[in-house]
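What follows is each chain in one-letter form.
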Amino acid sequence: MTAQYLLKDVRPLGGEPTDVLVAGGLVAAIGPEAGDAAENAPDDLEVIDATGMVLLPGLVDLHTHLREPGREDAETIASGTRAAAAGGFTAVHAMANTTPTQDTAGVVEQVWRLGAQAGWTDVHPVGAVSVGLAGEHLAELGAMADSAARVRVFSDDGKCVHDPVLMRRALEYVKAFDGVVAQHAQEPRLTEGAQMHEGVVSAEIGLAGWPAVAEEAIIARDVLLAEHVGSRLHVCHLSTAGSVEIVRWAKSRGIDVTAEVTPHHLVLTDEEARGYDPVFKVNPPLRTQADVDAVREGLADGTIDIVATDHAPHTREDKDCEWAAAAFGMTGLETALSVVQQTMVDTGRMTWADVARVLSTNPARIGRVEGHGRPIAVGEPANLVLVDPEQRRVVEPERQATASANSPLRGRELPGRVVATFLRGRATVLDGVPQDDPADPRFAAGRVTP
Ligand SMILES: [Zn+2]
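The structure displayed is predicted, hence computed values, not measured ones.

Glancing now at the domain arrangement of the chain. One frequent convention defines the size of an interface as the accessible area lost when the parts assemble. Here the chain is partitioned into domain 1 (4–55 + 378–440) and domain 2 (58–366). For domain 1 versus domain 2, the distance between C-alpha centres works out to 27 Å. Secondary structure elements with two or more residues in the side of domain 1 that touches domain 2: strand 16 (384–394), strand 17 (413–423) and strand 18 (426–430). Considering every element that reaches the side of domain 1 that touches domain 2, the biggest residue donor is strand 17, with seven residues. Its residues assigned to classes, the side of domain 1 that touches domain 2 comprises 20 nonpolar, 10 polar and no charged.

Below is the structure:
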């Protein structure tokens, strides 16, 4: 098995072409020294002609649903992290709405162990805020933080922590271990029975509306609570222009808030619902073009810190039915980088260095993930993704690595292709193909062995 890679004429962060040597799990050399060093170890060296390709730090997803334990028919930790590697990710945060819920040290350690065994990416379990996501009693936040999984992100995602007293307690509690509460902002009473964004389209096609104010009211409350208790708040999948305004105001006040936007909220609008195809049913819902424009602007100017996939795989039974009966959610791990390229880079709103910031550096910082989101520099862990921005491909969900096919981008042509992903110097993906035996123990050095 190849253990060293020489990336010839690659553009780190989209900059000037150079050579990068990946060896010993590290970025071992950059520039002319990379070629020189490579000559000393020719036997196990693979040279990759990376002309025109961009090298980024491995992507970090703060918001992934891996479905295991409980819904292995939709996704497993192995299939989901294989999909993540195919999409250029080297670390993912696994959301807590599993069965059983990730609300104890035992369950988060199980998820963490299965992730390490699969070997495709690092897996950081998110801990539930409340027992069973029921919104009543605080879960064992401290025990999860102290567990082998070292949980730092806590969320009831899928549900909103709507009780302000419970939210306040969670914000206070996580301060002890530098954690963060990631809120799914959805006022429950304002969204009872909601099926899609409340607006012109919902009125015309007769589906119950999910008003923007139901998201914005919770974000406004939570930034004030975070300020009041001096804690860290993260806003999941922000989707409305008003939410961007509230986060912008909170940051201008010095409140310690970060926010994410999903790829689908960067590219799709509520107009998609007109065909009643439940593949476009998601929570929070697809919004209007004005909202899409606002979240793009917010991402470009730094109001929104990160792009997170909210990858939500579902079986055919849960998705191929009438709209009202279908589950909320869509897949995204294998198309996220292409959507960001299409909407933000190819339109001139962001550089590749900005992409590294919103898809790697910032999510690693928010999640307190070590060894990821690092600069591309000699001596750093080789958690990297090699991207060819010139290639284009048509999305074919059945050919993706995820076990589910509910991609809203089916049949669309997207720019960019992940050519290779490196996890601590080991190629999890080469020539765009996930590699066999990712858990080869020879490359486990540096991985926390469970
Ligand atoms: Zn959510």
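This part covers the environment of Val-394. Its location among the elements puts Val-394 in strand 16. Sequence separation of Val-394 and Leu-414 is 20 residues, and the distance between their C-alpha atoms is 6.2 Å. When residues no more than four places from it in sequence are discounted, the contact partners of Val-394 are Gly-411, Arg-412 and Glu-413.

Judged by how many residues are buried, strand 18 sits mostly within the fold: four of five residues are covered. Pairing of strand 17 with strand 18 involves three bridges; the strand directions are antiparallel. Bridge pairing links Thr-421 to Val-429 in strand 18. Between the end of strand 17 and the start of strand 18, which pair antiparallel, lie two residues, with Arg-424 showing a positive phi angle near 50°. Adjacent in sequence and paired antiparallel, strand 18 and strand 19 (residues 433–434) are bridged by two residues, among which Asp-431 carries a positive phi angle near 50°.

An order of 9-10-13-14-15 is seen for the five strands of this open sheet, with the pairing classed as parallel. Edge strands, defined here as strands with exactly one partner in the open sheet, are strand 9 (153–154) and strand 15 (306–307).

What links the strands of a sheet is backbone hydrogen bonding, and the strands pair in either a parallel or an antiparallel sense. With respect to topology, three strands assemble into an open sheet ordered 6-7-8, the strand pairing being parallel. Of all the strands in the sheet, the pair left with one neighbour each is strand 6 (59–64) and strand 8 (122–125). Strand-to-strand twist in this sheet, taken as the mean axis angle between neighbours without regard to direction, amounts to 20°. Direction of pairing for strand 6 relative to strand 7 (residues 89–94): parallel, over a ladder of four bridges. Residue pairing for strand 7: Leu-59 is matched across the bridge by Phe-89. Strands strand 6, strand 7 and strand 8 of the sheet are contacted by helix 2 (residues 77–86), whose axis makes an angle of about 135° with strand 7.

Glancing now at the confidence of the model for the chain. Of all residues in the chain, 96% have pLDDT values of 70 or greater, and the mean over the chain is 95. This model gives residues 442–450 a pLDDT under 50, and the stretch forms 14 contacts once residues within four places in sequence are excluded.

As a further point, take the pairing of strand 16. Pairing of strand 5 (residues 54–57) with strand 16 involves four bridges; the strand directions are antiparallel. Paired with Leu-56 across the strands is Val-385, a residue of strand 16. Two elements, strand 16 and strand 17, share eight bridges in a ladder whose sense is antiparallel. Of the residues in strand 17, the one forming a bridge with Leu-386 is Ala-420.

With that out of the way, let us pick up helix 5 (residues 164–174). Structural remark: α-helix, 3.6 residues per turn; residues separated by three or four positions point the same way. Those residues of helix 5 that sit buried are Met-167, Ala-170, Leu-171, Tyr-173 and Val-174. All buried residues of helix 5 fall inside an arc of 165° around its axis, so they share one side. As for helix 5, its buried residues are in contact with helix 4 (141–146), strand 9, strand 10 (180–183), helix 7 (212–229) and strand 13 (233–235).

Structurally, Ile-255 is set in the loop between helix 8 (241–252) and strand 14 (257–261). Judged by local crowding, Ile-255 falls into the buried class, with 20 C-beta atoms found within 10 Å. Residues contacting Ile-255, with those up to four places away along its chain left out, are Val-223, Ala-226, Glu-227 and Ala-250.

Contact geometry of helix 2 with helix 3 (residues 105–118) gives a least axis separation of 9 Å together with a crossing angle of 55°. Accordingly, the angle class assigned to the pair helix 2 and helix 3 is oblique. Taken as a pair, helix 2 and helix 3 cross one another with a handedness that is right-handed. On the side of helix 2, the interface is formed by Ile-77, Ala-78 and Thr-81, while helix 3 contributes Val-111, Leu-114, Gly-115 and Ala-118. Grouping the constituent residues of the contact of helix 2 with helix 3 by class yields five nonpolar, two polar and no charged.

Once that is clear, we can look at the packing of helix 5 against helix 7. Running from N to C, helix 5 and helix 7 cross one another at 45°; their axes reach a closest spacing of 10 Å. Compared by their axis directions, helix 5 and helix 7 come out oblique. In this structure, helix 5 crosses over helix 7, and the sense of that crossing is right-handed. Contact residues: Pro-164, Met-167, Arg-168, Leu-171 and Glu-172 in helix 5; Arg-221, Asp-222, Leu-225, Ala-226 and Val-229 in helix 7. Partitioned by chemical class, the residues of the contact of helix 5 with helix 7 number six nonpolar, no polar and four charged.

The terminal C-alpha atoms of helix 3 lie 20 Å apart, and with 14 residues this matches the ideal 20 Å at 1.5 Å per residue to within 8%. Tucked into the core, helix 3 has its buried residues touching helix 2, strand 7, strand 8 and helix 4.

Calculation rules
- Residues numbered from 1 in each chain as written.
- Predicted model: local features only at pLDDT ≥ 70, side-chain atom pairs only at ≥ 80, totals over all residues.
- Domains from an automatic or database assignment.
- Helix = DSSP H or I, 4+ residues; strand = E, 2+ residues; numbered from the N terminus.
- Nonpolar A, V, L, I, M, F, W, Y, C, P; charged D, E, K, R; others polar.
- Contact = placed C-beta atoms within 7 Å.
- Buried ≥ 20, exposed ≤ 12 C-beta atoms within 10 Å, placed from the backbone.
- Pairing = 2+ DSSP bridges.
- Axes fitted to C-alpha atoms, helices over the stretch in contact; angles between N-to-C directions.
- pLDDT = per-residue confidence, 0-100.
- Arc of directions from axis to C-beta.
- Parallel < 35°, antiparallel > 145°, perpendicular 65-115°, else oblique.
- Left-handed = near helix turned anticlockwise from the far one by under 90°.
- Expected span 1.5 Å × (residues − 1).

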